[in-house]
2 protein chains.
Amino acid sequence: MEPLPRAIDHVAIAVPDLEAAIAEYTKTLGVRVAHRERIEEQGVSEALLEVGGSYVQLLQPLGPDTPVGKFLAKRGSGIHHVAYRVPDVAAAIAALKARGARLVDETPRRGSRGTKIAFVHPASMGGVLVELVESPTAPAKHGG
Amino acid sequence: MEPLPRAIDHVAIAVPDLEAAIAEYTKTLGVRVAHRERIEEQGVSEALLEVGGSYVQLLQPLGPDTPVGKFLAKRGSGIHHVAYRVPDVAAAIAALKARGARLVDETPRRGSRGTKIAFVHPASMGGVLVELVESPTAPAKHGG
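Residues numbered from 1 in each chain as written. Chains lettered and ligands numbered in written order. Predicted model: local features only at pLDDT ≥ 70, side-chain atom pairs only at ≥ 80, totals over all residues. Heavy atoms only, no water.

Enquirer: Would you mind showing me how to read the pattern of salt bridges here?
Expert: Side chains bearing opposite charge may pair, as long as their charged atoms lie close to each other. This structure, assessed with the given rule, holds 18 salt bridges over all chains. With a closest N to O distance of 2.6 Å, Arg38(A) and Glu40(A) form a salt bridge. As far as the burial class goes, Arg38(A) and Glu40(A) line up, both exposed. Between Arg36(B) and Glu19(B) there is a salt bridge, with its nearest N and O atoms 2.6 Å apart. Of this pair, Arg36(B) sits in strand β2 (residues 33-39) while Glu19(B) sits in helix α1 (residues 18-29), and the two are 17 residues apart along the sequence. Several salt bridges share partner residues, and in doing so they unite Asp9(A), Arg85(A) and Arg113(A) into one network. (Salt bridge = Lys/Arg side-chain N within 4 Å of Asp/Glu carboxyl O. Buried < 20%, exposed > 50% of the residue type's maximum accessible area, 1.4 Å probe, protein only. Helix = DSSP H or I, 4+ residues; strand = E, 2+ residues; numbered from the N terminus.)

Here is the structure:
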């Protein structure tokens, strides 16, 4: 069986202050901002910092009643989810369903950067909220 | 300034039952176990699952009084830390100190797979415990 994910697309970190977090990461790790976007329907403003073909995604909630706002209030700053890059998110959803995984999204929805995404429930992934990402523009990546 | 990390080396997930977590991840995502190791001085048994040149690291504590055992008791299963691959961990420690980051390890110590590692305090990384990894055997990875 070929692995479903081709790469770690991003690690998402919930932060209360996007500008402060960008300043901290770019200064400390010397990484650069590859993309910024405000995604109203997900209630977040995001910045993607590139790390060797993957990203660190910094997420600031647009308000306290958003999913990331509630996460921050409950847990504080920290990792919100991990995203895997897949060639076809609809096919990945079908494969995961066939393998008995519990899905948050049964059909793909729109992510940032023109991606198609779907979330997998933490109960099926060792307590980790997992996102599947089909990206038309992801950087090339070649595992050894 | 060149980015300090060359890649996301791994995302580490604390789990109570390593065999169950391996079965879940290999079945659901179709990934394979690349390495297993018991690291007495860190109090963990680990499995590395390869994803496109990075790893998902599953960590089972060797006992309740270990750092990962305490994390599990407090937070439950979930992401324990994120690790970045660096070419020279001693140089990375020096660079982070110069940039005012708070370090857990001021000198490199031994990780699994013959790696040299150091941890950076969550206070300097948006609430995320960060590990720096210098690996002699990491798979090749080429960001686009």
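Enquirer: How should helix α2 (residues 67-75) of chain B be read in this particular structure?
Expert: Given 3.6 residues to a turn, an α-helix orients residues that are three or four positions apart in the same direction. All names here are of chain B. Taken together, the buried positions of α2 are Val68, Gly69, Phe71 and Leu72. Down the axis of α2, the buried side of the element spans an arc of 160°, and every buried residue falls inside it. The outward face of α2, more than 90 degrees from its buried face, is lined by the exposed residues Pro67, Lys70, Ala73 and Lys74. Packing partners of the buried residues in α2 comprise β1 (7-14), β3 (44-51), β4 (54-61) and β5 (78-85). (Arc of directions from axis to C-beta. Contact = heavy atoms within 4.5 Å.)

Enquirer: Could you clarify how one ought to interpret the environment of Pro122(B) in this entry?
Expert: Residue and element names in this part refer to chain B. With respect to the secondary-structure elements, Pro122 resides in the loop between β7 (116-120) and β8 (130-134). For Pro122, a relative accessible area of 23% puts it in the partly exposed group. Residues Pro122 and His81 lie 41 residues apart in sequence; the distance between their C-alpha atoms is 9.2 Å. Not counting the four nearest positions on each side in its chain, Pro122 is found in contact with Gly127, Val128 and Leu129.

Enquirer: How do you make sense of the sheet that holds strand β3 (residues 44-51) of chain A when you look at a structure like this?
Expert: Across a sheet, strands are paired by hydrogen bonds formed along the backbone, either parallel or antiparallel in direction. Residues and elements named next belong to chain A. Strand order in the open sheet formed by 8 strands is β2-β3-β4-β1-β5-β8-β7-β6, with mixed pairing between adjacent strands. This sheet does not close on itself; its edge strands, each paired only once, are β2 (33-39) and β6 (109-110). For strand β7 (residues 116-120) and strand β8 (residues 130-134), the ladder comprises 5 bridges, and the chain directions are antiparallel. Across the sheet, the residue bridging to Phe119 is Glu131, located in β8. (Pairing = 2+ DSSP bridges.)

Keep in mind these values describe shape, not function.
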